[in-house]
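Analysis of the macromolecular model
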Amino acid sequence: MGVIETSSSSSLCLLKSNFSSHPFVVPNRTVCPFQGNQRRVIAMSSTLPVEQQVNEGQRRLTGDSFIRSHLRKLKPYQPILPFEVLSIQLGRKPEDIVKIDANENPYGPPPEVREALGQLKFPYIYPDPESRRLRAALAKDSGLESDHILVGCGADELIDLIMRCVLDPGDKIVDCPPTFTMYEFDAAVNGAAVVKVPRKSDFSLNVELIADAVEREKPKCIFLTSPNNPDGSIINDENLLKILEMPILVVLDEAYTEFSGLESRMKWVKKHDNLIVLRTFSKRAGMVILACVFLFTDSYMVI
Ligand SMILES: Cc1ncc(COP(=O)(O)O)c(C=O)c1O
């Protein structure tokens, strides 16, 4: 059933039901095919597919009916296997496995981070939704005011958030493969089309082809990665400036910038109001569990 699997515990769209013995009921029909402790679709934002499927009560409503049609067509995302699962599959202890498939930092967080996490005073209270203290600390560290900074839960969340804020269904993004595949996946989730402009054989950007694509396809935004995943190539100032001149929102993902020895472009957001820079603690500080990511942009974009 497309990208969402009804037995999965990780899907955002599916909630464990408290009403295990009651089937879904729509007027005049008992329709839910799920039983026992399986998960159920209990709420979705759009009723359009349901109305189409029910068709005056003629057809059975299935779990698929609730899912937005473009999502039903998606190929499932292939997630990485966690240590525990790999460990069982390989018959080895997690600490004996060198895991390099998700670019995690093998050294983990510094000892101060572990200590601070162990001393959380109010782990049972929802944290500040505006991350005031963290944004103030990041502002001090970056030299940018905190109203230029938005904090999220992993780059995936902010990439998706940017798309939700910017893209209408049918809009286009530019992607420059080979690169981080999440841009393409999130675009599909958001009903956007992807215009692919492959990198040159040395992995540098093909700026001329990007300019052609922008003129021809009128995409809303472009996702760039520097250093790039998988090859580590850097986007030079000249190419970045040429792209920033184009009528397009530029999202520059700097997840690996601390490993490059080069300065981040986050301060460029003050000069270019079509630029968003993404940074993350996942790689530099080995803090994937907290999945803390931050975004620097012109302050109008911080909602
Ligand atoms: C280019 C790039 N951006 C972002 C991420 C993920 O960042 P986060 O852990 O903050 O979700 C990855 C993960 O591999 C990546 O390669």
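These lines cover the structure that appears in this document, whether it is placed above or below.

Procedures and definitions
Residues numbered from 1 in each chain as written. Predicted model: local features only at pLDDT ≥ 70, side-chain atom pairs only at ≥ 80, totals over all residues. Heavy atoms only, no water. Salt bridge = Lys/Arg side-chain N within 4 Å of Asp/Glu carboxyl O. Buried < 20%, exposed > 50% of the residue type's maximum accessible area, 1.4 Å probe, protein only. Phe/Tyr/Trp six-rings, centres within 6.5 Å; stacked < 30°, edge-to-face > 60°. Helix = DSSP H or I, 4+ residues; strand = E, 2+ residues; numbered from the N terminus. Pairing = 2+ DSSP bridges. Right-handed = clockwise from strand over helix to strand, strands pointing away.

**Here we look at the pattern of salt bridges**
- All told, the structure shown has 14 salt bridges when counted by the stated rule.
- Of the charged contacts, one joins D101 and K99 as a salt bridge, the two residues approaching to 2.9 Å between their closest N and O atoms.
- Taking the relative accessible area as the measure of exposure, D101 reaches 47% and is therefore partly exposed.
- With relative accessibility at 12%, the residue K99 sits in the buried group.

**Side note on the packing of aromatic side chains**
- Summed over all chains, the structure comprises 4 aromatic pairs.
- Centroid distance F122 to Y124: 6.3 Å. Interplanar angle 80°. Geometry classified as edge-to-face.
- Classification of Y124 by relative accessible area gives exposed; the value is 61%.
- An angle of 25° between the planes, with centres 5.1 Å apart, marks the rings of Y183 and F223 as stacked. Here the residue Y183 occupies a position in helix α7 (residues 182-189), and F223 occupies one in strand β6 (residues 221-225), the gap between them amounting to 40 residues.
- The exposure class of F223 is buried, given its relative accessible area of 1%.
- Through a chain of ring-to-ring contacts, the aromatic side chains of F180, Y183 and F223 assemble into a single cluster.

**A word on the pairing of strand β5 (residues 193-196)**
- Relative to β5, strand β4 (residues 172-175) is paired through 4 bridges, and the arrangement is parallel. Bridge pairing in β5 places K172 opposite A193.
- Traced from β4 through α7 to β5, the parallel crossover comes out right-handed.

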